[in-house]
Amino acid sequence: MLLVLLMSLSSCDFEEGNKEQMVNLQEVKDDPAAQLQNLNAAIENSKRDGSLYARRAVVLLQKSNLEQALQDAEEAVRLTKKEPYTLFVKAQVLRAMGKPEEALPLALTAERNSYQSASLYVLLGELYLQRKEYKQAMEYVRKAQELSPADEFAFYYKGRVQEATGDSAKALQNYKLALEQAPDFMQPQRELAALLVGKGEFYAAKPYLQSAIKKAPEDAKLWYNKGIVYQVDQKQDSAMQAFAKAVSINDTLSGAQYKLGVHQLTLGNNEEALEHLEKIYHNKKYKLNQEYLIKLATAYERTGLYTKALTTYERLLKIDPTATYANRSIARLKYKVERPIPDSAAVRLQEQIER
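Parameters and conventions
Residues numbered from 1 in each chain as written. Predicted model: local features only at pLDDT ≥ 70, side-chain atom pairs only at ≥ 80, totals over all residues. Heavy atoms only, no water. Helix = DSSP H or I, 4+ residues; strand = E, 2+ residues; numbered from the N terminus. Polar contact = N/O pair within 3.5 Å; in protein donor to acceptor, adjacent residues only side chain to side chain. Core = buried A, V, L, I, M, F, W, Y, C linked by side-chain atoms within 4.5 Å. Buried < 20%, exposed > 50% of the residue type's maximum accessible area, 1.4 Å probe, protein only. Contact = heavy atoms within 4.5 Å. Axes fitted to C-alpha atoms, helices over the stretch in contact; angles between N-to-C directions. Parallel < 35°, antiparallel > 145°, perpendicular 65-115°, else oblique. Left-handed = near helix turned anticlockwise from the far one by under 90°. Nonpolar A, V, L, I, M, F, W, Y, C, P; charged D, E, K, R; others polar. Phe/Tyr/Trp six-rings, centres within 6.5 Å; stacked < 30°, edge-to-face > 60°. Salt bridge = Lys/Arg side-chain N within 4 Å of Asp/Glu carboxyl O. Expected span 1.5 Å × (residues − 1). Arc of directions from axis to C-beta.

K.L.:
Please explain the environment of Ser 51 as it appears in this structure.
P.N.:
Mapped onto the elements of the fold, Ser 51 is located in helix 2 (residues 50–62). Between the C-alpha atom of Ser 51 and that of Ala 73, which follows or precedes it by 22 residues, the distance is 9.5 Å. For Ser 51, the side chain forms a polar contact with the side chain of Asp 49, separated by 2.5 Å.

As structure tokens, then:
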């Protein structure tokens, strides 16, 4: 089965802000350009053959021409009077366009109309995974494996469901099984690297990272984990370059933003630090994290934003009333905020900064 990588436009919460690189579930054996040329000629001679439009939609999907693929898929559905296979093709296109809520009912209708395919079941498993309906997702992945026991995509999505439900050991096993079937399959390599980094097995993660990043050099999650490995190897400059690359691809990647913020704060580049740290304030993981709040408050205070620093320490105190450091900082900041400053111009400047 040929692996085709498409960037999904839908948000994924498998790693916040990290766009999932989807896999095309339809096999295309011939050269896409030649196949497209042949299909164009065939459609010109037989414009009412819905199966030809469906086949061309698949080739266009492979080439990432999603709008044209959708037009052909819709024409295929119309001409075949909603034949199950054409519904499946349209569902794939919608999934690739980041429209999973539109893709799911079409895929389910194809299944109800007796279309059986490991690719269809994997697609359904993936769509339910996005909805965090893990039981349903696993049921469809298992159906896919019943039809195709060696399907690499089924192993991969089975691992994704297991990881999402907290069974990282089985997820690790299934990612490796996916790679046994398709050694060049990037996504299992990426997930294996992330799991191993999370477990502290950095040496084991390196070959998966190196291989995956060659195939997907614009994957933010890979650069983030590469940065973690660099830090462990005490290559701080390389680590920061990797984190910077990650946020240049996806600036909502909170882990990389935090690493960069802390680094800039250590260097005394307080405005740069604040720029990174503020971007992740609304992330629940960090909003309740005491170490993060201390770093954020420090950046505020160093840049003269005393009121914001004070508010941040007060939030920290609500989370941990025993935080004596926060109490001392609040007293210091209240003095800075409340003390009279004779220079009225300085006051106006401070008010502008606070706003």
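Moving on from the model shown.
K.L.:
Any chance you could explain the nonpolar core here in plain terms?
P.N.:
Soluble globular proteins: nonpolar side chains tend toward being buried together. Ranked by size, the top nonpolar core spans 86 residues in total, and within it Leu 124 and Phe 243 carry the most contacts. Ranked by residue count, the leading element in this core is helix 6 (residues 118–130), at 9 residues. Ignoring any residue separated from it by four or fewer positions in sequence, one finds Leu 124 in contact with Leu 104, Ala 107, Leu 108, Glu 111 and Tyr 140. Core analysis: the next-biggest nonpolar cluster, separate from the first, contains 22 residues, Tyr 258, Ala 273, Leu 277 and Leu 333 among them.

K.L.:
Would you mind showing me how to read the packing of helix 2 against helix 3 (residues 66–79) here?
P.N.:
Any two packed helices are characterised by how steeply their axes cross, that is the angle between the axes, and by the distance between the axes. Their axes nearest at 8 Å, the elements helix 2 and helix 3 cross at an angle of 160°. Comparing the axis directions of helix 2 and helix 3 gives the class roughly antiparallel. You can see that helix 2 and helix 3 cross each other, and the crossing is left-handed. When helix 2 is examined against helix 3, the residues Gly 50, Tyr 53, Ala 54, Arg 56, Ala 57, Leu 60 and Leu 61 are found in contact with a partner set consisting of Leu 66, Gln 68, Ala 69, Asp 72, Ala 73, Glu 75, Ala 76 and Leu 79. Here the contact of helix 2 with helix 3 is built from residues that sort into 10 nonpolar, 2 polar and 3 charged.

K.L.:
How should the packing of aromatic side chains be read in this particular structure?
P.N.:
Each pair of aromatic rings is reported with the distance of its centres and the angle of its planes. In this structure the tally under the stated criterion is 14 aromatic pairs. Geometrically, the ring pair formed by Phe 153 and Phe 185 is edge-to-face, given 5.2 Å between the ring centres and 70° between the ring planes. Of the two residues, Phe 153 sits in helix 8 (residues 152–164) while Phe 185 sits in the loop between helix 9 (168–181) and helix 10 (186–198), which places them 32 residues apart along the sequence. For the pair Phe 153 and Phe 185, a shared accessibility class is recorded, and that class is buried. Centroid distance Tyr 286 to Tyr 292: 5.6 Å. Interplanar angle 70°. Geometry classified as edge-to-face.

K.L.:
Any chance you could explain the pattern of salt bridges here in plain terms?
P.N.:
Oppositely charged side chains may form a pair once their charged atoms are brought near each other. In the structure shown here, the tally under the stated rule is 17 salt bridges. The partner of Asp 219 in a salt bridge is Arg 190, with the nearest N and O atoms 2.8 Å apart. In this pair, Asp 219 is assigned in the loop between helix 11 (202–215) and helix 12 (220–232) and Arg 190 in helix 10, connecting sequence segments 29 residues apart. Arg 190 shares its class with Asp 219; the two are buried. Taking the shortest distance from any N to any O, the salt bridge between Lys 199 and Glu 201 comes out at 3.9 Å. Residue Lys 199 is classed as partly exposed on the basis of its relative accessible area of 46%. Salt bridges here are not isolated pairs; linked through shared partners, they connect Arg 190, Glu 191, Asp 219 and Lys 221.

K.L.:
It is not clear to me how unusual backbone geometry should be interpreted in this structure. Could you clarify?
P.N.:
The phi torsion of most residues other than glycine is negative, and most of the peptide bonds are trans. Residue Ser 64 is not a glycine yet carries a positive backbone phi of 70°. According to the relative accessible area criterion, Ser 64 is partly exposed, its value standing at 41%. One non-glycine residue with positive phi stands out, namely Ser 114, at about 75°. As for its placement among the helices and strands, Ser 114 is situated in the loop between helix 5 (100–112) and helix 6.

K.L.:
Help me understand helix 12, please; the structure alone is not making it clear to me.
P.N.:
One full turn of an α-helix is made of 3.6 residues, so residues set three or four places apart face in the same direction. With 13 residues, helix 12 extends 19 Å between its outermost C-alpha atoms, agreeing within 8% with the 18 Å of an ideal straight helix rising 1.5 Å per residue. Counted residue by residue, helix 12 has 10 buried out of 13 residues, so it is predominantly covered. Among the residues of helix 12, Ala 220, Lys 221, Leu 222, Trp 223, Tyr 224, Asn 225, Lys 226, Gly 227, Ile 228 and Val 229 are the ones counted as buried. Its buried side turned inward, helix 12 meets helix 10, helix 11, helix 13 (236–249) and helix 14 (254–267). Backbone nitrogen of Lys 221 and a side-chain oxygen of the N-cap are separated by 3.0 Å at the start of helix 12; the cap is Asp 219. Immediately beyond the C-terminal end of helix 12, within one or two residues, lies Gln 234, with a positive phi of roughly 60°.

K.L.:
I'm lost on helix 1 (residues 32–45) in this one. Help?
P.N.:
For helix 1, with 14 residues, the first-to-last C-alpha span of 20 Å sits near the 20 Å given by 1.5 Å per residue. Among the residues of helix 1, those classed as buried are Gln 35, Leu 36, Leu 39 and Ile 43. Seen end-on, helix 1 carries its buried residues on one side only, within an arc spanning 100°. Exposed and facing more than 90 degrees away from the buried side of helix 1 are Gln 37, Asn 38, Glu 44 and Asn 45. Looking at the packing, one finds that the buried side of helix 1 touches helix 2.

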